[in-house]
Amino acid sequence: QVQLIESGGGLVQAGGSLRLSCAASERTFSYRAMGWFRQAPGKEREFVAAISWNGGTTNYADSVKGRFTISRDNAKNTVYLQMNSLKAEDTSVYYCAASSSWGLVPPPRYDYWGQGTQVTVSS
């Protein structure tokens, strides 16, 4: 089973930047599509970004497009979410997720989830 550990969350000012990391436990990470999701208190979990197995394809929610960048380093079994121009509405718990699918078409099912990392943006 895949274990995912997020890190990099914290408190930042609006307009600032933060980079989240998600480290996977085993080598099959390199064959998995990966995603980032977020959930605020009382709200539904929402999709943020996804990346195919080799980084060749990425998808973003409209709300973060142009501000967030998802990337991966398969040699390090790690996926990243670079968050720039942060807004107060980005405040949420961010979750890393792994799929058994390689690509993003059709949208993958995510089977494994990290514990989440809190991102708080002050304004």
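None of these values were measured; they are calculated from a predicted model.

Novice: Any chance you could explain the sheet that holds strand β3 (residues 18-24) here in plain terms?
Specialist: Sheet strands pair via backbone hydrogen bonds, and the direction of the pair is either parallel or antiparallel. Strand order across the open sheet formed by four strands is β1-β3-β8-β7, with antiparallel pairing between neighbours. Only two strands of the sheet have a single neighbouring strand rather than two, namely β1 (4-7) and β7 (68-73). Direction aside, the axes of adjacent strands within the sheet are offset by 15° on average. Strand direction decides the pairing type here: β7 and strand β8 (residues 78-83), joined by six bridges, are antiparallel. Across the sheet, Ser71 pairs through a bridge with Tyr80, a residue of β8.

Novice: Where do I start with the environment of Arg38 in this structure?
Specialist: Within the secondary structure, Arg38 sits in strand β4 (residues 34-39). Assessed through its relative accessible area of 6%, Arg38 is described here as buried. When neighbours within four sequence positions are excluded, Arg38 is seen to be in contact with Glu44, Arg45, Glu46, Val48, Ser63, Val64, Phe68, Glu89, Asp90, Ser92, Val93 and Tyr94. There is a polar contact of 2.8 Å between the side chain of Arg38 and the side chain of Tyr94.

The rules behind the values
Residues numbered from 1 in each chain as written. Predicted model: local features only at pLDDT ≥ 70, side-chain atom pairs only at ≥ 80, totals over all residues. Heavy atoms only, no water. Pairing = 2+ DSSP bridges. Helix = DSSP H or I, 4+ residues; strand = E, 2+ residues; numbered from the N terminus. Axes fitted to C-alpha atoms, helices over the stretch in contact; angles between N-to-C directions. Buried < 20%, exposed > 50% of the residue type's maximum accessible area, 1.4 Å probe, protein only. Contact = heavy atoms within 4.5 Å. Polar contact = N/O pair within 3.5 Å; in protein donor to acceptor, adjacent residues only side chain to side chain.

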